[in-house]
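In case you want the letters, here they are:
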Amino acid sequence: MEKWLVAAKRADFDKWARDFHISPVTARILRNRGLTDEEQIDMFLHGTLKDCHSPWLLKDMEKAVQALLEAAAGGTAIRVIGDYDVDGICSSYILTKGLQILGAKVDTAIPHRVHDGYGLNEHLIRLAKQDGVQMIVTCDNGIAAAPQIKLAKELGIQVIVTDHHEVPFLQEDGRKKELLPQALAVVDPKREECVYPFSGICGAVVAYKLMKALSERVDSEALLDAMEEFLEFAALATVCDVMELKDENRILVKEGLKRMRQTRNPGLRALIEVNGILPQKLSAYHLGFVVGPCLNATGRLDTAKRALELLQSKEKTEAMSAARELKELNDSRKNLTLKGVEEAERYIEERGIHKDKVMVIYLPKVHESLAGIIAGRIREKYYRPVFLLTRGEEGVKGSGRSIEAYHMYDAMTEVKKLFTKFGGHKLAAGFSMREEDIEPLRQALNEKSGLGEEDLIPRVHIDVPMPLAYADEALAEQLELLEPFGVGNPKPLFAQKDLIFLSGYKMGENKTCARYRVKTPEGKSFPLVFFGDLLQFDSFLEEKYGPGAKEALYCGNASLSVSVAYQLGINVYRGKKEMQFIMQHYC
C-alpha cells in the first residue's frame, strides 16, 4: 500500500514562468524542490562552479593546508587511508594524485573489507609506523576513529582527518557533546563548529575542496589542470554515496558529468566503454547503477585496490583489461546478491519479523560485503529500517539501510553498548557486534524505534496532477533543464486518475516490461510504458477486476480503469523522436 501525496506548495508560478522562460508546470516542480526565491531558481537552472562554496569555510581547512604544504616541502612520508567503497576510492585518488603533483612523498592504503573492516584500525596504524609513515591523511573515514588516532599520535604519526560522516557524540544534560579525534586537523562539514553552508557533501567532495584550497594557495598549473579531473570523481562519488542533488552537489554532478563524457582518465573511459555506455549519453543513472557498482564490486568481493589501480592506469590496454575484470566481478556480485535477497526473505517469513518496525536479519553465510545491498533491497520491499548481519572473521558485521522517518545513526547511538564499532548517516550505517547481542539489539531497536504506522507507509510525492493530453514535446524537453536527477532532485512525477487500459503487450528479451494503450476520460488515446514488476501489476489487475483481467488486457479487449503516476520523457529510436509516458505507480 502506498500513500499518494500531491505537492501543494505555493508561489507565483506565472511570474517565475515569465522571468525564467519556463512553463508554469516546470515552475511548480522547482517550488517542490524546496526553492523559494528567484536567486535560488537562477542558481538551480544556471549555476556554475563559481557558485560553489569556498573550501576555506570548512573548519580546520587552514590547518590542513598548512600542514600538508609543510609535509610536502619537508619530504614527510604521507599515507592516504581511504575506504573500500566508491566514495573512499575516489577520495583516495583525488588526495593521492593531488599530493603527488605538489611533490609530496605519498602512498595509499585502502582497508580490506574482511580483514580490516571500515576505516582506521590499530593494524593499519601499526603497519604505517612499520613502513616509516610520518603522516596519515584519512578520507571518507576517521571521524569515529579517536582511539586509533590517539595510538598514531603516541607512535609519532601525525593525522589529518577528512570525512563527511556524523561526528560521534555523548548526551550530557540533554545536549550532544561531540567526541572529536585528537588530530592535527579535522575537516568534516558535520562538525558543530563548522560554518560550511551545506553539510550534505560526500568524502570525495571534501577531498576535492582540500585540493581546491591547495590550488588557491600554491602556483601550480598542473594542480589546476588536475582539478578538472578531480571534479569528475567528486561527481561520481556524490551520486554513488547517495548524496542529495541539492545546493552545490547538483552543480558538481552536472559539471562533472560534462567532463566525464570526454574524460581523459583511461580507467574511467575504459569502464564506460566495457559497459556499453555511449559517452555523450552518460547520466547520473549510469554513475549510480552501472559505473559505480563496478568500482564497488572490487571492495566487496576482492580488494578495492584494484579499482584504485584502474583509475590510476596510464595506458588504454592496461585500463581495458582491468575494467573488464571489474565488470565480471560486478556480474558475479549481482548473482550473489539475488541469492542473498531470497535468503533474507525466507528468514523474515520463517521468523515472522515482517511485523517488526525495525528489521534485524542475521544471515551468517552471506558474504559480509553484500550486507548493505541486501539490506537496501529488503528496505525497498518492506519499507522498514533494515539491519542485515553476517558472520565476519571476528564476530558479527553488518550494514543498515533506513527510511526517511528513522535516523539510523542516532538510533544506534542510543543502543551503542550493543556494538563493538559503528558509524554512518541518517539513512545508512555499518557496524560490528557480538553474536549473542543480536536478539537484544532487535528488541532494543524496536522498543526505541519511535515509528508509528504512518511512518511505515511508502509515500509517493506527485509534483503535478496533469492529464496526459496536457503534456507535449516542448515540456518534455524543458524538464531536461532540471537534470541531473537523483536523491533530493527526483525526476518529476505527474498523475492522472481513471485512465482506461485497453490493450498491452510485453516487451524485451525476457518480457520484463510492457507497452499499453490507454484512453483518457476525454477519449484520447496514448501509449504508456512500464518497466516495473509486471507480475505485481498483473496481480493488482486480477485483484481489482477479477480472474481474466490480465488476459483481456494482453489480448487487446480490456476496459480497466487505473489511476497512474507517470514520468514524461522523449524516446529517440532510429532518429525518430517520440513522447514517452512511463508508468511508475498505479492504484
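Since the model is a prediction, treat every value here as computed from it, not as a measurement.

**Here's the deal with empty space enclosed by the protein**
Counting across every chain of the model gives two cavities of 30 Å³ or more. Estimates place the volume of the largest cavity at around 40 Å³. Tallying contributions element by element places helix α11 (residues 266-274) first for the lining of the largest cavity, with four residues. Among the residues forming the lining of the largest cavity, the class breakdown is three nonpolar, no polar and three charged. Computed from the structure, the second largest cavity encloses a volume of approximately 30 Å³. Elements that contribute at least two residues to the lining of the second largest cavity include exactly β18 (525-530) and β20 (576-586). In terms of residue count, the dominant contributor to the lining of the second largest cavity is β20 (four residues). Looking at the lining of the second largest cavity residue by residue, the class counts come to five nonpolar, one polar and two charged.

**As for the pattern of salt bridges**
According to the stated counting rule, one finds 35 salt bridges in the structure shown. It is possible to trace a salt-bridge network through shared partners that takes in E228, E255, K258 and R259.

**Looking at the nonpolar core**
Core analysis: the biggest nonpolar cluster contains 84 residues, and L68, I78, M211, F230, L236, L271 and L295 have the highest contact counts within it. Ranked by residues supplied to this core, first place goes to helix α9 (residues 221-240) with twelve residues. Non-local contacts of L236, meaning those with residues more than four positions away in its chain, are made with V86, C90, M260, L268, L287, V291 and L295. Judged by nonpolar contacts, the second largest core, of 46 residues, contains A27, F44, L528 and L560.

**A closer look at the packing of helix α14 (residues 316-351) against helix α15 (residues 371-382)**
Pairs of packed helices are described in terms of their axes, by the angle between the two and the distance that separates them. Two elements in contact, α14 and α15, have axes whose closest approach is 9 Å; the angle formed by their N-to-C orientations is 50 degrees. Considering their axes alone, α14 and α15 lie oblique with respect to each other. As for the relative orientation of α14 and α15, their crossing is right-handed in sense. Of the residues in α15, those in contact with R333, T337, G340, V341, A344, E345, I348 and E349 of α14 are I373, I374, R377, I378, K381 and Y382. Class assignment of the residues belonging to the contact of α14 with α15 gives a composition of seven nonpolar, two polar and five charged.

**Focus on the sheet that holds strand β9 (residues 359-362)**
If you trace the five strands from one edge of the open sheet to the other, you get β9-β10-β11-β13-β12, paired in mixed fashion. The outermost strands of the open sheet, each flanked by one partner alone, are β9 and β12 (421-424). Between one strand axis and the next, the sheet turns through 15 degrees on average, direction left out of account. One ladder, built from four bridges, connects β12 with strand β13 (residues 428-433); its direction is antiparallel. The residue of β13 that forms the bridge with K421 is S432. Helix-sheet contacts for helix α17 (residues 438-447) involve β9, β10 (386-391), β11 (396-401) and β13, and the interaxial angle to β9 is about 165 degrees.

**Some thoughts on α15**
The end-to-end C-alpha distance of α15, which contains twelve residues, comes to 16 Å, matching closely the 16 Å that a straight helix rising 1.5 Å per residue would cover. Buried residues of α15: A371, G372, I373, I374, A375, G376, I378 and Y382, and no others. Once α15 finishes, Y383 follows within two positions and takes phi at roughly 50 degrees, a positive value.

Reading guide: rules and limits
- Residues numbered from 1 in each chain as written.
- Predicted model: local features only at pLDDT ≥ 70, side-chain atom pairs only at ≥ 80, totals over all residues.
- Heavy atoms only, no water.
- 1 Å grid on protein atoms, 1.4 Å probe; cavity = no way out; pocket = protein on both sides within 12 Å on 5 of 7 lines; lining within 4 Å.
- Points joined across faces, edges and corners; volume = space filled by probe spheres on them.
- Helix = DSSP H or I, 4+ residues; strand = E, 2+ residues; numbered from the N terminus.
- Nonpolar A, V, L, I, M, F, W, Y, C, P; charged D, E, K, R; others polar.
- Salt bridge = Lys/Arg side-chain N within 4 Å of Asp/Glu carboxyl O.
- Core = buried A, V, L, I, M, F, W, Y, C linked by side-chain atoms within 4.5 Å.
- Buried < 20%, exposed > 50% of the residue type's maximum accessible area, 1.4 Å probe, protein only.
- Contact = heavy atoms within 4.5 Å.
- Axes fitted to C-alpha atoms, helices over the stretch in contact; angles between N-to-C directions.
- Parallel < 35°, antiparallel > 145°, perpendicular 65-115°, else oblique.
- Left-handed = near helix turned anticlockwise from the far one by under 90°.
- Pairing = 2+ DSSP bridges.
- Expected span 1.5 Å × (residues − 1).

Nothing here speaks to function; it is geometry throughout.
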